[in-house]
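# Geometric and topological summary
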Amino acid sequence: MELAYVVVIILLSLGMYTIITKKNLIKIVMGFTILESSLILLLILVSYKPGGAAPILDKPYEIVVDPIPQALALTAIVIGASVTAVMLAVVIKIYKRYGTLNVDELRKLRG
Amino acid sequence: MEAAVWLIILPLLTAFFIGISKLYFKKILAPLVTGSAIIYLYLLILVINHSYPPKVYNVGAWGLMGINLMVDPFSAMFLLMIAILFLPVIIFSVKYIKSHKHKYFIFTYLMTAGIAGMVLTADLFNLYVFLEVSSLSSCALVALKNTNKGIEGTFKYLIMSTLGSFFILLATILTYSLTGTLNMAEISLEFKDIPFQIKSTLMSFFVFGYVIKIGLIPLHAWIPDTYEDSPIPYNVLSSGLVMKSAVYALIKVLYIIFGIDFLDQSGMLHIGVFWGVITFIVAHLLAYQQSNLSRLLAYSSVAQIAYITIGLFVGTEGGLIAGNFHILNHAIMKGTLFLVTAIFYYSLSAVKIEDIKGLGYKFPILSFIFVVASLAIVGLPPFNGFISKWLIVEAAIESGFVYAGFFILVGTFLSLTYYLKVIVTLYTKTEKELLIVKPTLSLRLPTIFLGSLCILFGIVPSIPLSLINKIPKFLLDNGEYIRILLGG
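Residues numbered from 1 in each chain as written. Chains lettered and ligands numbered in written order. Predicted model: local features only at pLDDT ≥ 70, side-chain atom pairs only at ≥ 80, totals over all residues. Heavy atoms only, no water.

## Topic: the pattern of salt bridges
Applicable threshold: Here, a salt bridge means any side-chain nitrogen of Lys or Arg that lies within 4 Å of a carboxyl oxygen of Asp or Glu. Secondary structure elements are taken from DSSP: a helix is a run of H or I of four residues or more, a strand is a run of E of two residues or more, and numbering for both begins at the N terminus. Note on exposure labels: buried denotes an accessible area under 20% of the residue type's maximum, exposed denotes more than 50%, and partly exposed covers the range between, all computed with a 1.4 Å probe on protein chains only.
Applying the stated criterion across every chain, the model contains 9 salt bridges over all chains. The residue Lys23 of chain A makes a salt bridge to Asp104 of chain A at a minimum N-O spacing of 3.9 Å. Placement of the pair is Lys23 of chain A in the loop between helix H1 (2–21) and helix H2 (25–47) and Asp104 of chain A in helix H4 (residues 103–110), with a sequence separation of 81 residues. Since its relative accessible area comes to 42%, Lys23 of chain A is described here as partly exposed. According to the relative accessible area criterion, Asp104 of chain A is partly exposed, its value standing at 33%. In this structure, Arg483 of chain B and Glu480 of chain B form a salt bridge, with 3.8 Å as the shortest nitrogen-oxygen distance. Residue Arg483 of chain B and its partner Glu480 of chain B are both found in helix H22 (residues 478–487); the two are separated by 3 residues, about one turn of the helix.

Printed below as a string of structure tokens:
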């Protein structure tokens, strides 16, 4: 259980590190995807109970997993996917205009 | 039928029908968007009229388990702002936007749906979803002109706004794991038993996330880039509604969930006022160096948002009234300035400040409105900006932030310098023959309407203040919110 939280923290720092240090635009977008997935993992962990049943209440049950964070995780996945799509669309446009994906060279081209 | 629900559904439906109309009948676009905006205005007025006493709408008859919409005085003020800005901007855009017309209107309506949702919802995760709806469509609008600067601005905007959303979502998830609910009133009840340190950490996540979207220094760098080469009518909605809706969300989260007592204990009020003072001084200095008119107005927007922050973070009744009044006034004044700029761009593609030389004699009425709005934004009587700025200074000094009051006066002089620069250029005679496309009535009328509101709210401030006066009681005591939402 604690190990999973450590994974969340590792993913979060990895995403932040990628966004801050990498110069390639595609890699920056990848960093955001990693950040997004760390949050989704956190959402699932929040609701997880060891040995919990699926939240369908027609059978006899003892422990039920909280369904709300799972619904939220679905929404977060959709939002994350659309943000990534818009970012990649913009990156394609930048590449078509400048012929490079390096942030430093883009700054030089602007002058 | 519950009108508040339709405030979110109608723009979404309209965006959908605009998409269909592009496929089958293209000529219907102008009547479709104008008609929808007029119906929207009617709905807004209906909801604002019935906003007091505050009302809760249960969507889908789930009671407290579902998502609730709530119309309170604070959100009614924002609805009033949408009502003032939205129809003029749509009428203006029908004539002004020439390429990608359908896309422009689809995204504008989606953005409005997001903002209306943010303003009305009483659910923390729903707030995040609507925030994403409005900021993603706003990103798409920045890129609409398909120029190099526009695309770069969009990428910066996307990076910053996604980073902000990330922190907001993180804080929302942690709040849920602590309290087990997303309803703002229930969270606020549960939060009374949570230790001080955990609450402070959560608050810093929320504040950092929203402040990126608001654009206080040093997180402001994306704002001028997004304003520089985007469709100018969109800038009116962006500075008037998109940035303000982030202010709304921040204030609602801080005052309703955390409560004024916690803000006072944790020192957030002092941080907010200090941050605001730093921001507007730096923004005024940066604005002075700009030669591009849109960039100048963008930096001025950053500064005005800082004034609003000061007003709202003073944490007294007067401060909240002043801050809210300035939110409304800034939307009107900046809207007027951007619309006049848009007409200059439309008539002779003026982008730089020197391009508008001598236009004061070609467009006497529009230039007069530009002067009125810029003097109002500087804060000279008898315009509306003077009253709200005066109230902010008064509230700051009354609650002990004397340095804030002093620096607001200094900032007024700083802003006077660069607005005077523009006004002087506007009325400098020039030998050059200017090729001018005459602006039509549908461009001039919305501009004149917003400009006259600057004067009207300056002379009779009691019209908007009668609505705004109800806000502080509601925000300063979150027990009121809890009682209405859980008991009603």
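## Concerning helix H13 (residues 293–313) of chain B
Residues and elements named next belong to chain B. Definition in use: Each helix should span, by expectation, one fewer than its residue count multiplied by 1.5 Å. For the purposes of these results, a polar contact is taken to be a pair of N or O atoms within 3.5 Å, where, inside protein, one atom must be able to donate a hydrogen and its partner to accept one; residues adjacent in sequence count only when each atom of the pair is a side-chain atom.
When the terminal C-alpha atoms of H13 are compared, their 30 Å separation across 21 residues agrees well with the 30 Å that a helix rising 1.5 Å per residue should span. Within H13, 21 of the 21 residues are buried, leaving the element largely enclosed by the surrounding structure. One side-chain oxygen of the residue at the start of H13 lies 2.9 Å from the amide nitrogen of Ser294, identifying that residue as Asn292. Gly315 occupies a position one or two residues after H13 and carries a positive phi of about 85°.

## Notes on the pairing of strand S2 (residues 68–71) of chain B
Residues and elements named next belong to chain B. Note the following rule: Following DSSP output, two strands are said to pair if at least two bridges run between them.
Here S2 shows two buried faces, one formed by Asn68 and Met70 and the other by Leu69 and Val71. Of the pairings in the sheet, the one linking strand S1 (residues 55–58) to S2 comprises 4 bridges and is antiparallel in character. Directly across from Val56, in S2, lies its bridge partner Met70.

## Observations concerning the environment of Gly318 of chain B
Looking at the element boundaries, Gly318 of chain B is found in helix H14 (residues 317–348). Separated by 245 residues in sequence, Gly318 of chain B and Pro73 of chain B have C-alpha atoms that sit 16 Å apart.

## Quick notes on the UniProt feature "transmembrane region" (unreviewed entry) in chain A
Residue and element names in this part refer to chain A. Let me state the cut-off plainly: UniProt positions are given in the numbering used here, feature names are shortened, and annotations may be inferred rather than shown by experiment.
UniProt records the feature "transmembrane region" (unreviewed entry) for residues 6–21, 28–48 and 68–92 in the present numbering. End C-alpha to end C-alpha, residues 6–21 measures 22 Å, and it is 100% helix and 0% strand. Each end of residues 68–92 is marked by a C-alpha atom, and these two atoms are 36 Å apart; helix forms 100% of the span and strand 0%.

## What about the side chain of Ser21 of chain B?
Tracing the sequence through the fold places Ser21 of chain B in helix H1 (residues 3–23). From its side chain, Ser21 of chain B meets the backbone oxygen of Ile18 of chain B in a polar contact 2.9 Å long.

## A word on the packing of aromatic side chains
Residue and element names in this part refer to chain B. To keep it simple, the criterion reads: Two rings from Phe, Tyr or Trp (for Trp, the six-membered ring) form a pair when their centres sit within 6.5 Å of each other. Planes less than 30 degrees apart are called stacked, planes more than 60 degrees apart edge-to-face, and all others tilted. Each ring is checked for a lysine NZ or an arginine CZ that lies within 6 Å of its centre and within 35 degrees of its normal; such an atom marks a charge sitting over the ring.
All told, the structure shown has 30 aromatic pairs over all chains when counted by the stated rule. Geometrically, the ring pair formed by Phe74 and Phe78 is edge-to-face, given 5.7 Å between the ring centres and 85° between the ring planes. Of this pair, Phe74 and Phe78 are both found in helix H3 (residues 73–96), 4 residues apart, which corresponds to roughly one turn of the helix. Accessibility assignment for this pair places Phe74 and Phe78 in one class, buried. Among the aromatic residues, those joined into a cluster by ring pairs are Phe191, Phe196, Phe206, Tyr210, Phe258 and Phe262. Positioned above the aromatic ring of Tyr288 is the side chain of Lys421, whose terminal nitrogen or guanidinium carbon lies 4.8 Å from the ring centre. Over the face of the ring belonging to Tyr361 we find Lys429, whose NZ or CZ atom lies 4.6 Å from the ring centre.

## Brief notes about the interface of chain B and chain A
The condition is simple: For this analysis, residues touch if any pair of their heavy atoms sits within 4.5 Å. As used here, buried area is the combined drop in accessible area, with a 1.4 Å probe, of two parts when they are placed together. Ten residue types, Ala, Val, Leu, Ile, Met, Phe, Trp, Tyr, Cys and Pro, are classed as nonpolar, four, Asp, Glu, Lys and Arg, as charged, and the remainder, Gly among them, as polar.
Taken residue by residue, the interface counts 25 residues in chain B and 31 residues in chain A. Interface area, chain B with chain A, both sides summed: about 2,700 Å², of which 79% is carbon and sulfur. Counting the contacts that link chain B with chain A gives 0 salt bridges. Taken together, the connections running from chain B to chain A amount to 5 residue pairs in polar contact (both at pLDDT 80 or more). Residue assignment for the side of chain B that touches chain A shows that the elements contributing at least two residues are helix H5 (124–142) and helix H6 (148–179) of chain B. Looking at the side of chain B that touches chain A, the element that brings in the most residues is H6 of chain B, giving 17 residues. Tallied by class, residues from the side of chain B that touches chain A come to 17 nonpolar, 6 polar and 2 charged.

## What to know about the UniProt feature "domain: NADH:quinone oxidoreductase/Mrp antiporter transmembrane" (unreviewed entry) in chain B
Following the UniProt record, the feature "domain: NADH:quinone oxidoreductase/Mrp antiporter transmembrane" (unreviewed entry) maps to residues 123–414 of chain B here. From the first C-alpha to the last, residues 123–414 of chain B spans 41 Å; its make-up is 82% helix and 0% strand.

## A short note on H14 of chain B
Residue and element names in this part refer to chain B. Counted at 1.5 Å a residue, the expected span for H14 with its 32 residues is 46 Å, and the 47 Å between its end C-alpha atoms agrees. Buried residues dominate H14, accounting for 29 of its 32 residues. Phi turns positive one or two residues past the end of H14, at Ser349, with a value near 35°.

## Some points on the packing of helix H17 (residues 384–398) of chain B against helix H18 (residues 402–426) of chain B
Residue and element names in this part refer to chain B. Quick reminder of the rule: Every axis in this analysis is a line fitted to C-alpha atoms, fitted for helices over the stretch in contact. Angles between the N-to-C directions lie between 0 and 180 degrees. These descriptions rest on fixed angle ranges, namely under 35 degrees for roughly parallel, over 145 for roughly antiparallel, 65 to 115 for roughly perpendicular, and the rest for oblique. For any pair of crossing helices, the crossing counts as left-handed if the nearer helix is rotated counterclockwise from the farther one by less than a right angle, and right-handed if it is rotated clockwise.
Two numbers describe how H17 lies on H18: the axes approach to 6 Å, and their chain directions differ by 155°. When the axis of H17 is compared with that of H18, the two are roughly antiparallel. With respect to the hand of their crossing, H17 and H18 are arranged in left-handed fashion. Listed contacts from H18 to Lys389, Ile392, Val393, Ala396 and Ile397 of H17 are Val402, Ala404, Gly405, Ile408, Thr412 and Ser415. Of the residues contributing to the contact of H17 with H18, the split by class is 7 nonpolar, 3 polar and 1 charged.

## A short note on the environment of Leu29 of chain B
Residue and element names in this part refer to chain B. Checked against the element boundaries, Leu29 lands in helix H2 (residues 29–49). A C-alpha to C-alpha distance of 15 Å links Leu29 and Leu87, two positions 58 residues apart in sequence. Discounting chain neighbours no more than four positions away, the residues touching Leu29 are Ile18, Lys101, His102 and Phe105.

## Details of the side chain of His220 of chain B
Residues and elements named next belong to chain B. Mapping His220 onto the fold places it in the loop between helix H8 (196–214) and helix H9 (222–228). Note on His220: relative accessible area 12%, which makes it buried. Residues contacting His220, with those up to four places away along its chain left out, are Gly215, Leu286, Tyr299 and Val302.

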